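# Residue-level structural notes
Single-letter residue listing:
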Number of protein chains: 2
Amino acid sequence: MARVVVDVMLKPEILDPQGQAIARKLPQLGFEGVAAVRQGKRFEIEVDGPVDEAALERVRKIAETLLANPVIENFEVHAE
Amino acid sequence: MARVVVDVMLKPEILDPQGQAIARKLPQLGFEGVAAVRQGKRFEIEVDGPVDEAALERVRKIAETLLANPVIENFEVHAE
């Protein structure tokens, strides 16, 4: 079984309150040196057959249709 | 600014109903050839200074403390 990963992140211009909440909490917990945090989603997709260009293209269609909201999110598809 | 990524996924033995719902929906949408889907989280952390072993270790501590629930989730930290 081969794995394809889809990473979905909010577009840079979209506010990410979850990430900001984490970033703000870090100094209170004693963690310095972090400038920003963005939170997104990661999907691990087990595909039948080899991870060739056709399989990646199929997963891109799935990401567009079901995993990401293209209005506010970007996604990246890669084999792993 | 350097980026460190934390991927957080449910442990393999933990049921993932979100991933299962996606996997079940795919054939209805005309997508064949997917055996399983697991959904997790991806955090992009902008750190001050270089991404050396000390910075990665600091992010590992952050992941353990704040980003992942080590009882039910595994995480991976890597520079990007």
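One structure accompanies this document, and this report is about it. As the structure is a prediction and not an experimental result, all values here were calculated from the model. (Residues numbered from 1 in each chain as written. Chains lettered and ligands numbered in written order. Predicted model: local features only at pLDDT ≥ 70, side-chain atom pairs only at ≥ 80, totals over all residues. Heavy atoms only, no water.)

### Considering the side chain of B:Glu46
The following threshold applies: We count a stretch as a helix when DSSP gives it H or I for four or more residues in a row; a strand needs E for two or more, and each element gets its number in order from the N terminus. Three exposure classes are used, based on accessible area relative to the maximum for each residue type with a 1.4 Å probe and protein chains only: buried under 20%, partly exposed in between, and exposed over 50%. Nitrogen and oxygen atoms within 3.5 Å of one another constitute a polar contact, given that in protein one can donate a hydrogen and the other can accept it, and given that sequence-neighbouring residues count only through two side-chain atoms. By definition in these notes, contact holds between two residues if any of their heavy atoms fall within 4.5 Å.
As for its position among the elements, B:Glu46 is in strand E2 (residues 34–47). When its relative accessible area of 15% is taken as the criterion, B:Glu46 is described as buried. At 3.1 Å, the side chain of B:Glu46 forms a polar contact with the side chain of B:Arg3. Excluding residues that lie within four positions of it along the chain, B:Glu46 makes contacts with A:Gly33, A:Val34, A:Ala35, A:Ala36, B:Met1, B:Ala2 and B:Arg3.

### Quick word on the relation of the copies chain A and chain B
Condition: Copy-to-copy superposition: least squares on the C-alpha atoms, limited to residues that have pLDDT of at least 70 in both copies.
When chain A is fitted to chain B, the best match, at an RMSD of 0.0 Å, comes from turning it 180° and sliding it 0.0 Å along the axis. Between the two chains, the operation in question is that of a two-fold axis. In terms of C-alpha distance to the rotation axis, chain A has A:Lys41 as its closest residue, with the C-alpha 2.2 Å off the axis. When the interface residues of chain A are mapped onto chain B, 100% of them are again interface residues, pointing to one common binding face.

### Considerations on the sheet that holds strand E1 (residues 2–10) of chain A
Applicable threshold: One bridge is not enough; two strands pair if DSSP finds at least two bridges between them. Note on method: axes are straight lines fitted to C-alpha atoms, helices fitted across the in-contact stretch only, with angles between N-to-C directions ranging 0 to 180 degrees.
What the six strands build is an open sheet, ordered E3(A)-E1(A)-E2(A)-E2(B)-E1(B)-E3(B); its pairing is antiparallel. Two strands close off the open sheet at either side, each with one partner strand: strand E3 (73–79) of chain A together with strand E3 (73–79) of chain B. Neighbouring strand axes in the sheet, compared pairwise and without regard to direction, differ in orientation by 25° on average. Of the strand pairs in this sheet, E1(A) and E3(A) are connected by seven bridges, and their pairing is antiparallel. Within E3(A), the position partnered with A:Met9 by the bridge is A:Asn74. Taken strand by strand, helix H2 (residues 53–67) of chain A contacts E1, strand E2 (34–47) and E3 of chain A together with E2 of chain B, and its axis lies near 155° from that of E3(A). Against the sheet, helix H2 (residues 53–67) of chain B makes contact with E2 of chain A together with strand E1 (2–10), E2 and E3 of chain B, and its axis sits at roughly 155° relative to E3(B), the strand it touches most.

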